[in-house]
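# Structural characterization, general
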Amino acid sequence: MRRISLYSLDSLFGEISKSMTLYIPASDNAGGAVYTKYEDGVEYLNTLNTVKSPKNFFFPHTEDLMEFKLQGKNIDILDIRQESEDFAVFGVRGCDVKSFDILDRVFLSDPVDSYYATRREHGVIISLACTKPSETCFCTTFGIDPTEPMGDISAWMTESHLYLQPVTEKGKALMSKIEHITEACDDSEVLAQKDKTKNILSKLPLKDLSTDAFGSGKTKELFDSPQWAELSQSCLGCGTCTFVCPTCQCYDIKDFNTGSGVIRYRCWDSCMFSEFTKMAHGNPRLTQTERFRQRFMHKLVYYPENNDGLFSCVGCGRCLSKCPISMNIVKVMKSLGGDKNE
Amino acid sequence: MQKITRDQIVSKAVSLLQDGTVSAVLGWRQGEFCYDVTPSVFNTAEDIEANFVWNDFCGANFSKYLVSKTKNIDGKLLVFLKPCDTYSFNQLLTEHRFNRESVYVVGIPCEGMVDISKVKAVSGEGIVCAESKGAGLSVTTIYDENPKEIPYAEVLSERCLNCKSKKHVAYDELLGDEGEVIDSARFDEVEKLESMTSEERFAFWQGELSRCIRCNACRDVCPACTCEKCVFDNPNSGAESKAPTNSFEEQMFHVIRAFHVAGRCTDCGECSRVCPQNIPLHLLNRKFIKDINSFYGDYQAGAEVGMRAPLVDYDLGDLEACDVFERRDSE
Ligand code: SF4
Ligand code: SF4
Ligand code: SF4
Ligand code: SF4
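Residues numbered from 1 in each chain as written. Chains lettered and ligands numbered in written order. Predicted model: local features only at pLDDT ≥ 70, side-chain atom pairs only at ≥ 80, totals over all residues. Heavy atoms only, no water.

Next up on the list: the interface of chain A and chain B. Each side of the interface is counted separately: chain A has 46 residues, and chain B has 40 residues. Both faces combined, the contact of chain A with chain B buries some 3,700 Å², and carbon together with sulfur accounts for 54% of it. Among the residues of chain A in contact with chain B, A:E135, A:Q233 and A:E275 are the three that bury the most area, contributing 17% of the side total. If you look at where chain A meets chain B, you find 5 salt bridges. Its salt-bridge partner being A:K331, residue B:D36 comes within 3.4 Å of it at the nearest N-O pair. Linking chain A to chain B there are 24 residue pairs in polar contact (both at pLDDT 80 or more). Grouping the amino acids of the side of chain A that touches chain B by side-chain chemistry returns 21 nonpolar, 12 polar and 13 charged. (Contact = heavy atoms within 4.5 Å. Buried area = accessible area lost by both parts, 1.4 Å probe. Salt bridge = Lys/Arg side-chain N within 4 Å of Asp/Glu carboxyl O. Polar contact = N/O pair within 3.5 Å; in protein donor to acceptor, adjacent residues only side chain to side chain. Nonpolar A, V, L, I, M, F, W, Y, C, P; charged D, E, K, R; others polar.)

Encoded structure:
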């Protein structure tokens, strides 16, 4: 383990950005935080979660896939992806780090999504342990330890220092580049911080939320529950919950007519939208209740069924704080989880 | 602090349900925390007594829900409307979006609703309790069991600080005292924008709108947005997009939407309330309202049922396009 004084945080950022583009959480000037490219004058904001999750780095909101150009009677198909540059993201919380694992299983299993894979290969994640979780946090429900975040390098910030511990080969490579400005140290401060945070975690209002009622094999039991209608009754069908969610992964592929050709791009889609997966015969989910059910069944039943029991929620709490009607996965789990979630 | 109590509202709801005046009640349902209230239909007195909430976090405007919730209703739906909500109610009636006979309106006074993000900016994360106490909120967090008292002036939402009316423009019955239309300062921010150079203004909006994630929550919550099929959802429109191709497209979405609700927007403020990116959408709408006021005389959408909005009405005294240009050039 190595450390650097917080006074030298800027020199650390500067050093990293010599070899790759660095993104750090900074103020969005509207009360939130947004990952911002580090340059002179960009100030690090010690925040819990950014409004937009870091999934954008690997699975951007919109992305050009290819271009079709008409040349006389020929159609040229051009690979227009921009070769991904090396980049690092600093300050990713434990929940969001876990979300990459969930996305990897979708995009990196056969057939591999090469756009996602390239970005993944080029990105280095420096995580950051939480010390001040919010009432909306429930990552521990999904077995995540926010005091021990994964990533390529794990980091802890105390009042005086930033502690760094490489986890992967990529992390070790980056550590070697910043070795000269960091110092070797033991982990006593980090351990003390972990204990303190664990004590706070035991006071969080959602600490006892259980997943017992969900997971693989629960489709029959939950699909026809009369509670979906009540839970979804005031859902606006907006995409807020899905667009702020670090694990939502649906996209649509569209063609944009440029006048002299066509650009094929993909963009995030939301199961909450009325046009989601519309087919020739129409939309398979006719009402908002069915769309709403899909979002939560996917996270709590279908995904675990196909992924060794892993749930596709990381308890980041974004949908809790951002839904216009304050409906969210916690309310769904409490309502459908029956006694297990009293 | 609200002037009427939860008990008053609950007993009103229960008695109207029990005497058969209404068959269901649209109200605010208790959430997981003290502030995350969900709009909900209540069908039984037990449910109302156990789960109905009325506090400083009941900001949601129920008017738009009447379009969907009265569709297949037997009898009447009871709805509680705050003064600002009643303007949306009238505007929806003007547009024939639901049947007045299916609704029983109880007007309730409102002292302003709290914006939880403003509370968190002061108290920090980890809120376990936020109760009304005197002229402010008393907030307790897991980090500090001593409650912090925050004056309302610091935590009321923008739209409530600039409330335009405490008067109900529609109701069947009123609980508590009726208020007055207020001479609010809601156009001050617009004036600041107007005094910018066009480059500054462009930069301002570009900065704000570049945060937009196109979740569509602003549109979906808007009582003026009740088209059966929105052009932005219709794949046959050529304008449909689930996400922006670039940030310019985002601006087009907002400009088109602002034009579409111009003259019908009551300035209820729901769009800004729900935006996950805190984009001040109300400024766009207020600019239109301010211009309509100055071009055609004061007009408040939803003030009465059946009013003809200046933009869809013709009058011999109407401003000619050249006058508008003249005014712009002289500015
Ligand atoms: S659950 Fe909330 S955020 Fe999600 S679509 Fe419904 S209203 Fe929007
Ligand atoms: S469902 Fe909600 S809490 Fe879970 S990962 Fe998505 S945004 Fe976070
Ligand atoms: S609610 Fe905000 S982020 Fe969502 S579409 Fe509207 S302006 Fe954009
Ligand atoms: S545009 Fe905004 S302020 Fe106007 S009616 Fe719609 S939600 Fe209300």
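Having seen it, we continue.
The next thing to look at is the side chain of A:E275. Relative to the assigned elements, A:E275 resides in the loop between β12 (261–268) and α9 (288–306). Once you skip the residues sitting within four places of it in the chain, A:E275 turns out to touch A:N283, B:K229, B:D233, B:P235 and B:K242. (Helix = DSSP H or I, 4+ residues; strand = E, 2+ residues; numbered from the N terminus.)

All names here are of chain A. For the pair α9 and helix α11 (residues 329–336), the least separation of the axes is 11 Å and the interaxial angle reads 80°. Comparing the axis directions of α9 and α11 gives the class roughly perpendicular. Taken together, the residues of α11 that come into contact with α9 (itself represented by F292, F296, K299 and L300) are I329, V332 and M333. In terms of residue class, the contact of α9 with α11 is made up of 6 nonpolar, no polar and 1 charged. (Axes fitted to C-alpha atoms, helices over the stretch in contact; angles between N-to-C directions. Parallel < 35°, antiparallel > 145°, perpendicular 65-115°, else oblique.)

All names here are of chain B. Read from one edge to the other, the open sheet built from 5 strands follows the order β2-β1-β3-β4-β8, with strand pairing classed as mixed. Looking at which strands have only one partner, the edges of the open sheet turn out to be β2 (38–42) and β8 (173–174). Where strand β4 (residues 103–107) meets β8, 2 bridges bridge the pair, whose relative direction is parallel. Its bridge partner being in β8, G107 is matched across the sheet by L174. Helix α4 (residues 83–94) contacts β3 (77–81) and β4 of the sheet and is inclined by roughly 130° relative to β3. (Pairing = 2+ DSSP bridges.)

Take the environment of A:V34 next. All names here are of chain A. Mapping V34 onto the fold places it in strand β3 (residues 33–37). Residues V34 and L45, spaced 11 residues apart in sequence, show a C-alpha to C-alpha distance of 9.1 Å. Filtering out sequence-adjacent residues up to four positions away, V34 remains in contact with I24, P25, A26, S27, D28 and T50.

Below, the discussion takes up the site of ligand 3. Looking at ligand 3, the residues that line it are B:C212, B:I213, B:R214, B:C215, B:N216, B:A217, B:C218, B:H254, B:C275, B:P276, B:I279 and B:L281. Residues belonging to the shell around ligand 3 are distributed by class as follows: 9 nonpolar, 2 polar and 1 charged. (Near = heavy atom within 4 Å.)

Before going further, it helps to spend a moment on the site of ligand 4. All names here are of chain B. Around ligand 4 sit C222, P223, R257, V261, C265, T266, D267, C268, G269, E270, C271 and N285, and that is every residue in its neighbourhood. Under a 2 Å grid-point criterion requiring more than half of the atoms, the pocket assigned to ligand 4 is the second largest cavity. For the shell around ligand 4, the secondary structure elements donating two or more residues are α11 (247–261) and α12 (270–274). Considered class by class, the residues forming the shell around ligand 4 number 6 nonpolar, 3 polar and 3 charged. (1 Å grid on protein atoms, 1.4 Å probe; cavity = no way out; pocket = protein on both sides within 12 Å on 5 of 7 lines; lining within 4 Å. Sits in = over half its atoms within 2 Å of the grid points.)

What follows concerns a negative patch on the surface. All names here are of chain A. Taken together, D10, E39, D40 and E43 make up a surface patch of like negative charges. Mapped onto the elements, E43 comes out in the loop between β3 and β4 (62–71). Residue E43 is classed as exposed on the basis of its relative accessible area, which comes to 65%. (Patch = residues over 30% accessible without salt bridge, like charges linked within 9 Å, V, L, I, M, F, W, Y side chains within 5 Å. Areas by Shrake-Rupley, 256 points an atom, 1.4 Å probe, with all protein chains shown as cover. Lys, Arg positive; Asp, Glu negative; His and termini not counted. Charge placed at Lys NZ, Arg CZ, Asp CG, Glu CD. Buried < 20%, exposed > 50% of the residue type's maximum accessible area, 1.4 Å probe, protein only.)

All names here are of chain A. Domain assignment breaks chain A into domain 1 (2–201) and domain 2 (219–336). Here the C-alpha centroids of domain 1 and domain 2 sit 25 Å apart. For the pair domain 1 and domain 2, the summed buried area comes to about 3,300 Å², and 61% of that belongs to carbon and sulfur atoms. For the domain 1 face of the interface with domain 2, the top three residues by lost area are I102, R105 and F142, together amounting to 19%. Here domain 1 and domain 2 share 4 salt bridges between them. Among the salt bridges present, the one from R266 reaches D113, with a minimum N-O distance of 2.8 Å. At the junction of domain 1 with domain 2, the criterion picks out 17 residue pairs in polar contact (both at pLDDT 80 or more). Elements that contribute at least two residues to the side of domain 1 that touches domain 2 include exactly β4, α2 (94–107) and α3 (114–122). (Domains from an automatic or database assignment.)

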